[in-house]
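Spelled out from the first residue to the last, the chains are:
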Amino acid sequence: MADQPHRIVIIGSGFGGLFATTALKYARNVQVTIIDRTTSHLFQPLLYQVATGVLSQGEIAPPTREVLRRHKHVAIQVGEVTDIDLENRTVTSEAPFGPDLVTPYDSLIVAAGATQSYFGHDEFAVHAPGLKTIDDALELRARIFGAFEFAERETDPDVRARWLTFVIVGAGATGVEMAGQIAELAHRVLPEQFVNIDTRTARVILLEGGDEVLPSFGGKLSTYAREELERLNVEVHTGVFVTDVDAEGVETNSDDLALRRIGAKTKVWAAGVEASPLAALLAAKSGAEVDRAGRIKVEPDCSLPGHPNVFAIGDMMTLQDLPGVAEVAMQQGVHAARMIRRAIAGKGSRPFYYLDLGSVATIGRYRAIASVGPIKLNGVPGWGVWFGVHLVFMTGFRNRASALAHWGVSFIGRERSERTITLQQAIGPMAARRAALYERQADLDEQSSA
Ligand SMILES: Cc1cc2nc3c(=O)[nH]c(=O)nc-3n(C[C@H](O)[C@H](O)[C@H](O)COP(=O)(O)OP(=O)(O)OC[C@H]3O[C@@H](n4cnc5c(N)ncnc54)[C@H](O)[C@@H]3O)c2cc1C
């Protein structure tokens, strides 16, 4: 029927999903449903600042309903997508409460992103959380600030040393940013706030399997980043692979015996990514291939082979060796939305072309690197570019204003205003241990009375 709206389902309210939705704002006669397991749009590049107490979670993850409140033709559905039926054109989602929902579509955009990869060792995750979600950032924040608190009340010097040792695995942007921030906490923010410990004795150890830090920048910028990290008292070790992780530390394959076993209570995993499981699901159903990171190979216009009305975009797809960065997801979101509008208008599809606007990574306060085409910047100019880019791309004026205030407090001043640890986080592990002890005692009592 001519006046039936064209039903567009978008999976994911991250960069790809949000930019696709906003690119459809003025499309006529469409009904958009955006499905995400969270209620917010997450600005992942600033997760490390939540994990280290600079920003609050609300500043980098505004509610999707608020962000899209002026998009009258958009319905928002909270739920985990568990199935996509390409033949009958439906998406199934589940939530902890309420029924499973089956949502029909005429066009589908899947922008479900990527998750942390432990290279076949998912058991490491318990001791070394990654940094992909707000939950991860709050967990790490509690572990990092908690480590200083528990070191303060520890009397055994060996255990105290383990509380004051932080190991970061992987020297990509996330690993470098986390290492730089934890070092700044130990050396600049916390020293005067503790009595029994000197936080400046904390060790921050960055382990990287490759030859250099920030390998995607390479050359002089990578060398600069390493030197600046070392100036911040971060111990950087390249060519070292982590082979095991437990509650008390990590093991590595290093030739240096001192690095074979590193005692550290706090570990951060920033070493690898793999595509959302929805990529494998779509590949199995469409006959498309996946690469080693589980990303689905899409057609030049980002659609699935044999399914011109279904698009996979952002971190979960692979096309022309494009990097897994926000800019790719945003531009592909806009492109997929345009291809759907063209299809509705009876026009043919067009290939996606990526406009590389450059990349930035920060090492610490006033220290960053930026690569924009032939222009390479470091130090304060690099940091200026980082600052501007992040301010421009943050969602919402209120979030920008509030982040500016927090950056002032943290970078000009010496404070971290967002370092709350909830009782659940601090006492929860203790309560769990006590419950396990009670359970064991009850078992023993039962056995002895039998
Ligand atoms: C710590 C960190 C730092 C980064 N720093 C930078 C940087 O400095 N510069 C840069 O360009 N890029 C950076 N990136 C990468 C960038 O954030 C990603 O490339 C970008 O977010 C990809 O966008 P996307 O839309 O593909 O996926 P995402 O933004 O990850 O969005 C995926 C969405 O899908 C939802 N979802 C997933 N599975 C399901 C499901 N089954 N059902 C329902 N919903 C689902 C998720 O909840 C999420 O909201 C960083 C990433 C991380 C993790």
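Refer to the structure presented above.
Overview of the structure. This one's a predicted model, so the numbers in the text were calculated from it and none came from an experiment.

1. Some points on the sheet that holds strand β23 (residues 375-378)
Consideration 1: What the 3 strands build is an open sheet, ordered β21-β22-β23; its pairing is antiparallel. The sheet is open, and its two borders are formed by β21 (359-364) and β23, each paired with just one other strand. Across the sheet, the axes of successive neighbouring strands diverge by a mean angle of 5 degrees, strand direction being ignored.
Consideration 2: Helix-sheet contacts for helix α7 (residues 173-189) involve β21 and β22 (367-372), and the interaxial angle to β21 is about 25 degrees.
Consideration 3: The sheet strands contacting helix α12 (residues 379-393) are β21, β22 and β23, and the helix crosses β22 at an angle near 75 degrees.

2. Considerations on a negative patch on the surface
Consideration 1: Together, Asp122, Glu123, Asp244 and Glu274 make up a negatively charged patch on the protein surface.
Consideration 2: Classification of Asp122 by relative accessible area gives exposed; the value is 57%.

3. Examining the site of the ligand
Consideration 1: Contacts to the ligand come from 26 residues, most closely from Gly16, Asp36, Gln44, Val81 and Asp315.
Consideration 2: Gln44 places a side-chain nitrogen or oxygen 2.9 Å from an oxygen atom of the ligand.
Consideration 3: Between the ligand and the protein, one listed contact pairs a nitrogen atom with a backbone N or O atom of Val81 at 2.8 Å.
Consideration 4: Elements supplying a minimum of two residues to the shell around the ligand: α1 (15-23), β4 (80-85) and α11 (326-344).

4. Looking at the packing of aromatic side chains
Consideration 1: Applying the stated criterion to the full structure yields 12 aromatic pairs.
Consideration 2: Ring centres of Phe150 and Trp163 lie 5.1 Å apart, and the angle between their planes is 50 degrees; on these two criteria the pair is classed as tilted. In this pair, Phe150 sits in helix α5 (residues 134-152) while Trp163 sits in helix α6 (residues 157-163), placing the two residues 13 residues apart along the sequence.
Consideration 3: For Trp163, a relative accessible area of 19% translates into the label buried.
Consideration 4: Three or more aromatic residues joined by ring pairs make a cluster, and in this case those are Tyr366, Trp383, Trp386, Phe387, Trp407 and Phe411.
Consideration 5: For Lys265, the ring lying beneath its charged end belongs to Trp163, and the centroid distance is 4.7 Å.

5. Digging into the pattern of salt bridges
Consideration 1: Inspection of every chain in the model, using the stated rule, returns 15 salt bridges.
Consideration 2: Put simply, Arg261 and Asp246 hold a salt bridge, and the shortest N to O gap is 2.9 Å. Of this pair, Arg261 sits in strand β14 (residues 261-263) while Asp246 sits in strand β12 (residues 242-246), and the two are 15 residues apart along the sequence.
Consideration 3: Exposure remark for Arg261: the relative accessible area of 36% places this residue in the partly exposed category.
Consideration 4: One connected set of salt bridges, linked through shared partners, spans Arg162, Glu248 and Lys265.

6. Looking at α11
Consideration 1: Taking 1.5 Å as the rise per residue, α11 with 19 residues should run 27 Å; its terminal C-alpha atoms sit 27 Å apart, in good agreement.
Consideration 2: For α11, the set of buried residues is Glu327, Val328, Ala329, Met330, Gln331, Gln332, Gly333, His335, Ala336, Ala337, Met339 and Ile340.
Consideration 3: Where α11 is buried, its residues contact β1 (6-11), α1, β7 (107-110), β19 (307-312), β20 (317-318) and α12.
Consideration 4: At the exit of α11 stands Gly346, carrying a positive phi of roughly 80 degrees.

7. Section: the layout of surface pockets
Consideration 1: In this structure, the second largest pocket spans a volume of roughly 830 Å³.
Consideration 2: Looking at the lining of the second largest pocket, the elements with two or more residues in it are α5, β15 (266-269) and α14 (423-449).
Consideration 3: Ranked by residue count, the leading element in the lining of the second largest pocket is α5, at 7 residues.
Consideration 4: Its residues assigned to classes, the lining of the second largest pocket comprises 10 nonpolar, 5 polar and 9 charged.

8. A word on the pairing of strand β11 (residues 234-238)
Residues in a regular strand project their side chains so that they alternate between the two faces of the sheet.
Consideration 1: In this structure, strand β10 (residues 203-208) lies alongside β11, joined through 5 bridges in parallel fashion. Bridged to Glu208 within β11 is Thr238.
Consideration 2: Handedness of the β10-helix α8 (residues 219-231)-β11 crossover: right-handed.

9. Things to note about the side chain of His406
Consideration 1: Take His406: it is sitting in helix α13 (residues 397-412).
Consideration 2: Overall, the relative accessible area of 14% leaves His406 in the buried class.
Consideration 3: Polar contacts involving the side chain of His406 include one to the side chain of Ser417, which spans 3.2 Å.
Consideration 4: Those residues in contact with His406 that sit more than four places away from it in its chain are Val54, Leu55, Glu59, Ser417 and Glu418.

10. What to know about the sheet that holds strand β13 (residues 249-252)
Consideration 1: Strand order across the open sheet formed by 3 strands is β12-β13-β14, with antiparallel pairing between neighbours. Edge strands, defined here as strands with exactly one partner in the open sheet, are β12 and β14. Neighbour-to-neighbour, the strand axes of the sheet open up by a mean angle of 15 degrees, direction not taken into account.
Consideration 2: Looking at chain direction, β12 and β13 are connected through 4 bridges and run antiparallel. Within β13, the position partnered with Asp246 by the bridge is Gly249.

The rules we used
- Residues numbered from 1 in each chain as written.
- Predicted model: local features only at pLDDT ≥ 70, side-chain atom pairs only at ≥ 80, totals over all residues.
- Heavy atoms only, no water.
- Pairing = 2+ DSSP bridges.
- Helix = DSSP H or I, 4+ residues; strand = E, 2+ residues; numbered from the N terminus.
- Axes fitted to C-alpha atoms, helices over the stretch in contact; angles between N-to-C directions.
- Contact = heavy atoms within 4.5 Å.
- Patch = residues over 30% accessible without salt bridge, like charges linked within 9 Å, V, L, I, M, F, W, Y side chains within 5 Å.
- Areas by Shrake-Rupley, 256 points an atom, 1.4 Å probe, with all protein chains shown as cover.
- Salt bridge = Lys/Arg side-chain N within 4 Å of Asp/Glu carboxyl O.
- Lys, Arg positive; Asp, Glu negative; His and termini not counted.
- Charge placed at Lys NZ, Arg CZ, Asp CG, Glu CD.
- Buried < 20%, exposed > 50% of the residue type's maximum accessible area, 1.4 Å probe, protein only.
- Near = heavy atom within 4 Å.
- Polar contact = N/O pair within 3.5 Å; in protein donor to acceptor, adjacent residues only side chain to side chain.
- Phe/Tyr/Trp six-rings, centres within 6.5 Å; stacked < 30°, edge-to-face > 60°.
- Lys NZ or Arg CZ within 6 Å of the ring centre and 35° of its normal.
- Expected span 1.5 Å × (residues − 1).
- 1 Å grid on protein atoms, 1.4 Å probe; cavity = no way out; pocket = protein on both sides within 12 Å on 5 of 7 lines; lining within 4 Å.
- Points joined across faces, edges and corners; volume = space filled by probe spheres on them.
- Nonpolar A, V, L, I, M, F, W, Y, C, P; charged D, E, K, R; others polar.
- Right-handed = clockwise from strand over helix to strand, strands pointing away.

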